[in-house]
Each structure stands twice: as structure tokens, then as C-alpha cells.
Amino acid sequence: MPKSWFAGGVALIAASAVSCGVTASPVADALVPSEPTMINYVDPSWVHGLSTQTLSEGDSGDRHVHVVYPSVDDAPLLTEKLRRTVTERLDRFIRDTSMNSAVRHPEFNVDWQLAAASDQVLGVRLRIGESIGSGWSDSFTTIWYDRMEKRSLDATDLLRDGSSLATLAQIVKEALVARGPEVDPYAIKPDARHFDSLVFNPHGDLVVEFDDYQVATKSLGRVAVAVPASDVEPLLSATGLRAQRAAMRKTDAPASMTSGESMAAATTDRPPARSSKAGSVDCAKAKCVALTYDDGPGPDTRRLLDILATQRARATFFTVGSNASAHPELLRRMRQEGHLVANHTWSHRDLTALPGSRVADQLTRAQRTIIQAIGQVPALMRPPYGASNAQVSSVAGKLGLSVVRWSVDTEDRLDPNPRAVADRAVSRAEPGAIILMHDVHGPTVDAAPEILRRLKKQGYTFVTVPELYGSNGMQPGRTYDSADSSG
Ligand code: NI
């Protein structure tokens, strides 16, 4: 490894720049031209038996909760440890917000990346973000799974023992001293809680990541140290060496480009997404309704597609980008079967709490993933929690996206009873309605046959959202709640 990689010791980059090893922030480009703490994440669709689990409290409450973590069929202990890690943090957040009811729209948001995947190890990096009135803070935790030993492990289990942790802490502290007065290196202790996110870059250097406010009193963006492979190798356990090998094996990392460039490249020659059966129904004459499914694809989406196919019903899927990246084959199936694939952002943040650049980042990352899967450019977005404002509309408009909310909330997300979900969907439906449901929720998928049967009996035809507006079409940047929005 050339010495210059480690020059400066610490790299500070904007949190938004951490995406699939792709540099997304021009500021980061200027600060750190060859970024040693950048991680090349693994495409999750390559991992056999990987699915995603979603925890949320629905779209209507004041508290905004959205958690996604992966599950892997042949690594149940990994899934269990991930579940435990996120639910412990979520329970704490719920306790904190219940005690402090003055805070408006507290938000809890978890997404993940695959730090490594081989036939020997899996590494999952969780980003756990929360805001309880005093601004946003992110923390990072990496959970490892050793396929040889069939064990799930904390980050520090990549190290040989306690003295390895002490040595690593000393190396990291020295690197942080070189960073300057904004960082407090003495906050770092040889403690597993300070070293709970350890991953490797493609050169085999160990990347140590810190949480917001862990080494500085203010948010500096991501603070991370890359420890050269030669220094860290003597400190690694058997699992640590396997993890390092897995990270170095990846030779097909995506070429580095900015989100703006890739968007331009991806959108210029691609047709807009529309249902392959659009035009077969005239909603000016027929009694139309648009079923919409948010937050997927998830473990029950395949089953929902089977049900819709049996009933020859079409729907609009507002997919979350990180889930879409794990299951591009389900997006392709949606397209093939006449459904419409739409954008529900990358990680389901409340867009009204973000600056414009981050709103754009949330939308373009999801857009890019969907385009890659289906070869078409989505024209609709739904803001998470239905939360929108002038800035969100403006950014969506610039990206060619119409903003779609809903006219019927089935309140399905916290309801374990499919019958109740179906009753609300059917009793609240009216011609031109946009019905909100979630395909990541099993009981909602259980309710689908009954919803289709009863609405069909009432003479309804199931169409995708743009078909409600017929020849009037939908305009980018404009908000649509139901067919009435066109008037
Ligand atoms: Ni949602």
C-alpha cells in the first residue's frame, strides 16, 4: 500500500458520501482525493437467501420509525443478532420519546450495507440514525458472521484479544491526534463500544468508524481511520483474517462517479416507467381504483405478486431503494406483469427534515437502483410518512418525479388482522381512490385476495396510479392524492 494512503491518518467526509463505495459529494472529493476509509460494499443481490426485514409504526403517527435490516437464510444467528441490535436501540428510542412528548416528529431510521460477503464470512454494517429534538445523529455498528465457525460476532471479535484492542486503540488515537483540535482523541478507549464498527477496505486496511459526537463535540460528518493492512494483520483473529480476505477479494467494485453523472448516464437513453398494460382501461368510463404498496420489496412481495397475477389486478409499488437493491428480480417481475415501479426514497427518511441536497440524494440513489433493475425511469415518488413541502416538490420536479400521496389509508402497518385491513380498504374505497398499503407487512398480503374479490364485486378495475389521470397525464413536481387532484 502506498504511504500516501495513510497520510493525515483520518479522513472526514460527509455522511452522504458513503454510498456503495461511490463518492457522491463534491466536497468530499476536494478534501480526500483517494479516500482510504471508503468501503466497497457488496451488492446484496449476489448473496443467496438474503432478504430484508422492515420494522415501522406506519405513516400516520407523530413518531417516525423505519428500520430495515437483512436476514440470511443459512445464517439465522446473524439475523437474530441484527434483530436484537436494532430492537434494543429502537426500544430505547421509544422509551426516550415517550418521556419527552414535547418533541415533534422524533425520527428513528436504520439502514444497512454489506461490508463483506464470501463463503467464509458475512459483514453487515448498520447505520442507526435518530433525532429526538436536538438534531440528527448517526451511529455505526458492524455485525459479523463466521460461516466456518457458524457464529455471529461483534466487530471486536475480528481482533485476536484484549491486547490487540489496546494496540489498535493506540494506533487510532495517534491518527486522531494528527487530525487537529476539533477531534478529541482522548475520548477513545480500548472499549468494545468505541470499536463497534470495524470493516476492511479493498486493500485490506482496517477501517475504524466512529459515531457522531463520539470523538468530537459537534458533528463533523463521518470520522473514520484506516489502519494499514500490515499494521493490523498481527492483531486479527481467525475471523478477522477471513473478513480481510473477503474484502480484498472484491475486484469488481463499481467505477467511482458522482450521483449526478450516473443519473445523467442512466436517464438519457431510458424510457419512462409505465405499466405495460396502460391504456387498456379508460378510467373516465370505468370505475378505477389504484392499489399502492409501499416500503418493499420484502419477504411477502413474491406472494403478493402471485395473488395479483391470479386476479389479473395491477398495482403501483413504491419501493425503498435499499430493498430494491437486494431484490432487483422482483422489480423486473413487477414490470413484466403490468405493475408500476415507483420511488419511495433510498432509506425512508422524513424528507421534510433534510436539506435539499440530501432530498435529492435520497431520490437519486433509489432512482438509480430502480433504473438498473427495470431499465425504465420511474416517474412517481411517494414521500415517506406522506411528509412533503415546497422543497420536496421542487426537488422531485427537477428529477422528473410527480409526488403521490393517497386518499385512503388502510392503517395496515400495525394491524395483525387481515380481515380488518380488508374491511378498511373496501369500505373507504371510492372511484379514483389511491389506497395506501405496505407489502412488507404479512397481514396486508393476506388481506389482498379479499380486497380484490370484494372491490371487483363492486365493479372496480385495478389500475396503476397514472392511469387514473388518463390523457391529462401527471406533471413532475405536482402532488396527487386521488383522481380528483387532476382537477
Ligand atoms: Ni413508507
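Structure first, text after, so check above.
Residues numbered from 1 in each chain as written. Predicted model: local features only at pLDDT ≥ 70, side-chain atom pairs only at ≥ 80, totals over all residues. Heavy atoms only, no water.

This part covers the nonpolar core. Counting 55 residues, the largest nonpolar core has Leu 291, Ile 435 and Leu 455 as its most contacted members. Take this core: its biggest share by element is six residues, from helix α13 (residues 442-457). If we ignore the near neighbours within four places in the chain, the residues touching Ile 435 are Val 289, Ala 290, Leu 291, Thr 292, Val 408, Thr 410, Ala 425, Ala 429 and Leu 455. Grouped together as the second largest cluster of nonpolar side chains are 40 residues, Leu 165, Ala 175, Leu 198 and Ala 247 included. (Core = buried A, V, L, I, M, F, W, Y, C linked by side-chain atoms within 4.5 Å. Buried < 20%, exposed > 50% of the residue type's maximum accessible area, 1.4 Å probe, protein only. Helix = DSSP H or I, 4+ residues; strand = E, 2+ residues; numbered from the N terminus. Contact = heavy atoms within 4.5 Å.)

We now examine the state of the cysteines. With the rule as written, the count across this model stands at one disulfide. Note that Cys 283 is cross-linked by a disulfide to Cys 288, the S-S spacing being 2.1 Å. Linking Cys 283 and Cys 288, the disulfide has an S-S dihedral of approximately -90° and is accordingly described as left-handed. For the pair shown, Cys 283 and Cys 288 are each scored as buried. (Disulfide = S-S within 2.5 Å.)

Turning next to empty space enclosed by the protein. Applying the stated criterion across every chain yields a total of two cavities of 30 Å³ or more. Size it by volume and the largest cavity reaches roughly 50 Å³. Every residue lining the largest cavity is counted, 11 residues in all, and those nearest its centre are Asp 211, Asp 212, Tyr 213, Leu 220 and Val 223. Grouping the amino acids of the lining of the largest cavity by side-chain chemistry returns six nonpolar, two polar and three charged. Taken together, Ser 56, Glu 57, Gly 58, Asp 59, Val 65, His 66, Asp 295, His 348, Tyr 385, Arg 413 and His 438 form the lining of the second largest cavity. (1 Å grid on protein atoms, 1.4 Å probe; cavity = no way out; pocket = protein on both sides within 12 Å on 5 of 7 lines; lining within 4 Å. Points joined across faces, edges and corners; volume = space filled by probe spheres on them. Nonpolar A, V, L, I, M, F, W, Y, C, P; charged D, E, K, R; others polar.)

Turning our eyes to something else, we now look at the packing of aromatic side chains. Scanning all chains against the criterion turns up four aromatic pairs. Between Tyr 293 and Phe 317, the aromatic rings sit 5.7 Å apart at their centres with planes inclined by 25°, giving stacked as the arrangement. Taken together, the residues Tyr 293 in strand β11 (residues 287-294) and Phe 317 in strand β12 (residues 315-319) connect sequence positions 24 residues apart. Of the residues examined, Tyr 293 reaches a relative accessible area of 1% and is grouped as buried. Under the relative-accessibility criterion, Phe 317 is labelled buried at 1%. The cationic tip of Lys 287 hangs over the ring face of Tyr 460; the distance from NZ or CZ to the ring centre is 4.6 Å. (Phe/Tyr/Trp six-rings, centres within 6.5 Å; stacked < 30°, edge-to-face > 60°. Lys NZ or Arg CZ within 6 Å of the ring centre and 35° of its normal.)

Next up on the list: the packing of helix α7 (residues 301-310) against helix α9 (residues 328-336). Remark: α7 packs on α9, axes separated minimally by 11 Å, with the N-to-C direction vectors making an angle of 15°. One finds that α7 runs roughly parallel with respect to α9. As α7 runs across α9, the sense of the crossing is left-handed. Of α9, the residues touching α7 (which contributes Thr 301, Arg 302, Leu 305 and Asp 306) are Glu 329, Leu 330, Arg 333 and Met 334. In the contact of α7 with α9, the residues fall into three nonpolar, one polar and four charged. (Axes fitted to C-alpha atoms, helices over the stretch in contact; angles between N-to-C directions. Parallel < 35°, antiparallel > 145°, perpendicular 65-115°, else oblique. Left-handed = near helix turned anticlockwise from the far one by under 90°.)

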